[in-house]
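Below, each chain spelled out in residue letters.
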Amino acid sequence: MSKTPKSGRGEGLSAATRLVQIGRDPFSHERVINPPIQRGSTLLFDQADDLYRAGPLSDMKGYGLEGLSTQDRLCEALTEISGGVGTVLAPSGLQALTLALMAATKAGDHVLLTDSSYGPTRRFCREVLAKYGVETEIYDPRIGADIAGLIKPNTSLIILESPGSLTFELQDVPAITAAAKARGVATLIDDTWTAGLYMKPFYLGVDISMQALTKYQGGHADVLAGALITNSPDWLIKLKTMHQMLGIGTSAEDAWLTLRGLRTMGLRMAHQDRVAREIAAWLEGRPEVAQVLHPALPSHPDHAIWQRDFRGAGGLFSVVFKPVAAARINAMAEAYQIFSMGFSWGGFESLALPSTVQINRQFPALHPKGPIVRYSIGLEAQEDLMADLERGFAVLNAA
Ligand SMILES: Cc1ncc(COP(=O)(O)O)c(C=O)c1O
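Cut-off values and rules
Residues numbered from 1 in each chain as written. Predicted model: local features only at pLDDT ≥ 70, side-chain atom pairs only at ≥ 80, totals over all residues. Heavy atoms only, no water. Phe/Tyr/Trp six-rings, centres within 6.5 Å; stacked < 30°, edge-to-face > 60°. Helix = DSSP H or I, 4+ residues; strand = E, 2+ residues; numbered from the N terminus. Buried < 20%, exposed > 50% of the residue type's maximum accessible area, 1.4 Å probe, protein only. Lys NZ or Arg CZ within 6 Å of the ring centre and 35° of its normal. Near = heavy atom within 4 Å. Polar contact = N/O pair within 3.5 Å; in protein donor to acceptor, adjacent residues only side chain to side chain. Nonpolar A, V, L, I, M, F, W, Y, C, P; charged D, E, K, R; others polar. Contact = heavy atoms within 4.5 Å. Pairing = 2+ DSSP bridges. Axes fitted to C-alpha atoms, helices over the stretch in contact; angles between N-to-C directions. Core = buried A, V, L, I, M, F, W, Y, C linked by side-chain atoms within 4.5 Å. Domains from an automatic or database assignment. Salt bridge = Lys/Arg side-chain N within 4 Å of Asp/Glu carboxyl O.

A. Geometry of the packing of aromatic side chains. Scanning the entire structure with this criterion turns up nine aromatic pairs. Between F168 and W193, the ring centres sit 6.5 Å apart and the planes meet at 65 degrees, which makes this aromatic pair edge-to-face. In this pair, F168 sits in the loop between β4 (155-161) and α6 (173-182) while W193 sits in the loop between β5 (186-190) and β6 (208-212), placing the two residues 25 residues apart along the sequence. A single burial state applies to F168 and to W193, both of which are buried. Put simply, the rings of F317, Y336, F339 and Y375 touch in pairs and so form one group of aromatic residues. Sitting over the ring of W235, K238 keeps its end group 4.2 Å from the ring centre.

Laid out in structure tokens, this is it:
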């Protein structure tokens, strides 16, 4: 008999409790608490008729690429966290994004992409979708209901990301999704920042939520994975079909590690959120800083949206420094002894990423001009992180 609630979405239980329970069923696999890692390519059949009936859209698996029980447990867990009807996995967040873009567009379509998107999303639209006859139009992330004026008869998809990569603008998601729904246009949001925990995209009207599991779900900088979660049975079929067409598989080991990450994700994110907000507020008072870009700070221009749509923040934010040579910012980042430099975020280790060269915006930014560094707060002690930031300021200020 299973002791893990498997239906009813654990109503009445807090997210912390459900993160411990979801995606495992010990009494169905030898009473071990965690699901086993199940590896396999070929699946055997004893009925010839089943060979061509099985597959990603049937109740019977046909081949290992569809993912076996370990991947299924992860999909169940992610579906529940976000409140969807199903999940499709990919071996990176970027591949989840590109899979969704392939599934949602065809030659002759028009796509609206927020100016604040993750850079490689924009690159894929520009370099790959364009090659297949799909036009991408960049829109101001803070456009709100005025997105209606950009929707054309051939618009098939609106891509949102809130907060935006590196610059942290928030989008009025319900206003954008209402305009999209009125014209029958699909919406896809990159919800990596809240890991499905602190914002509920489906409640805000989004059709597909993409999450780079590489960040908070994995949580330990040792997994690359991505997910598309939807609350639409039709979209689930389209995503599963494209997943099969592209031959995408996610390893059982990565699914297993991600499931393990989920068990501590609530605790990690709550801690990272608290420390990040305190450090962000402290940084606001520093003379070297022009603006801190963190939507949970009351000074953030979109803070009212944050209060309306979010329940927490995680540990990622940016700092705009007062104008200074890039070499001085680099020297500051190199002087840190706890914050390391590197791409990605959401792990247990704190990172500082000089980001100015990556930021490529078409619409006026909400922040002043100046070099930008993105910080990902990990699990180190707050006082040690602040001492490290002080160390960096000393180098920045050295003539
Ligand atoms: C906002 C956002 N979306 C998607 C991705 C892509 O995730 P992955 O690194 O797993 O491809 C990243 C990676 O940094 C990201 O920051």
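After presenting the structure, the write-up continues.
B. Broad picture of the site of the ligand. Surveying the vicinity of the ligand reveals 13 residues, the closest of which are G93, L94, D190, T214 and K215. One nitrogen or oxygen atom from the main chain of G93 is found 2.7 Å from an oxygen atom belonging to the ligand. T214 is positioned such that a nitrogen or oxygen atom in its side chain is 2.5 Å from an oxygen atom of the ligand. The class makeup of the residues in the shell around the ligand is five nonpolar, five polar and three charged.

C. Up close: the side chain of T250. Among the secondary structure elements, T250 is positioned in the loop between α7 (233-246) and α8 (252-284). From its side chain, T250 meets the backbone nitrogen of A90 in a polar contact 3.4 Å long. What T250 contacts, discounting residues up to four positions off in sequence, is Q71, L89, A90 and P91.

D. Region of the structure containing the sheet that holds strand β2 (residues 110-114). In space, the seven strands of this open sheet follow the order β1-β7-β6-β5-β4-β2-β3, with mixed pairing throughout. Single-partner strands in this sheet number two, and they are β1 (86-90) and β3 (135-139). With strand direction ignored, the average angle separating the axes of adjacent strands in the sheet is 20 degrees. Where β2 and β4 come together, four bridges link them in parallel fashion. Looking at β4, one finds that L113 is bridged to I159. Strands in contact with helix α3 (residues 69-82) are β1, β6 and β7 (226-230); relative to β1, the strand with the most contacts, it is inclined by about 125 degrees. Packing of helix α4 (residues 93-104) onto the sheet brings it into contact with β1, β4, β5, β6 and β7, and relative to β7 it is tilted by some 40 degrees.

E. Representation of the nonpolar core. Counting residues in hydrophobic clusters, the biggest one holds 55 residues, and the most contacted among them are I158 and M265. Contributing elements (two or more residues each) for this core: α3, β4, α6, β7, α8, α9 (303-309) and β9 (316-321). Counting residues domain by domain, this core receives three or more from each of domain 1 (13-261) and domain 2 (265-397). In contact with M265, not counting residues within four places along its chain, are L19, I81, A195, L197, Y216 and Q217. Core analysis: the second largest hydrophobic core is formed by 29 residues, V88, L113, A212 and L239 among them.

F. The arrangement of the environment of W193 in detail. With relative accessibility at 5%, the residue W193 sits in the buried group. Excluding residues that lie within four positions of it along the chain, W193 makes contacts with P163, F168, Y216, M269, P295, W306, F310, G312, A313, L316 and W345. Within the structure, the side chain of W193 is placed 3.2 Å from the backbone oxygen of L316, a separation counted as a polar contact.

G. Quick peek at the domain arrangement of the protein chain. Segmenting the protein chain into domains produces domain 1 (13-261) and domain 2 (265-397). Domain 1 and domain 2 are separated by 27 Å when their C-alpha centres are compared. Listed as interface residues are 38 residues of domain 1 and, on the opposing side, 41 residues of domain 2. The tally of links between domain 1 and domain 2 comes to three salt bridges. Where domain 1 packs against domain 2, one counts 19 residue pairs in polar contact (both at pLDDT 80 or more). Elements represented by at least two residues in the side of domain 1 that touches domain 2 include exactly β3 and α6. Residues that form the side of domain 1 that touches domain 2 fall into these classes: 18 nonpolar, 13 polar and seven charged.

H. Examining the sheet that holds strand β11 (residues 372-376) more closely. Spatially, the four strands line up as an open sheet ordered β8-β9-β11-β10, and their pairing is antiparallel. The sheet terminates laterally at β8 (289-293) and β10 (351-354), the two strands that pair on one side only. Going from strand to strand, the sheet's axes swing by 20 degrees on average, the running direction of each strand aside. Sheet analysis places β10 next to β11, joined by four bridges and oriented antiparallel. Residue pairing for β11: L353 is matched across the bridge by R374. In this fold α8 packs onto β8 and β9, with an angle of close to 10 degrees to the strand it touches most, β9.

I. Quick peek at the pairing of β6. With five of five residues buried, β6 is to be regarded as a mostly interior element. The alternating pattern of β6 places I208, M210 and A212 and S209 and Q211 on opposite faces, both of which are buried. Direction of pairing for β5 relative to β6: parallel, over a ladder of three bridges. Paired with I189 across the two strands is S209, which belongs to β6. Two strands pair when backbone bridges link them, and β6 and β7 are joined in this way by five bridges, in the antiparallel orientation. From the neighbouring strand, M210 faces β7, where its bridge partner is L228.

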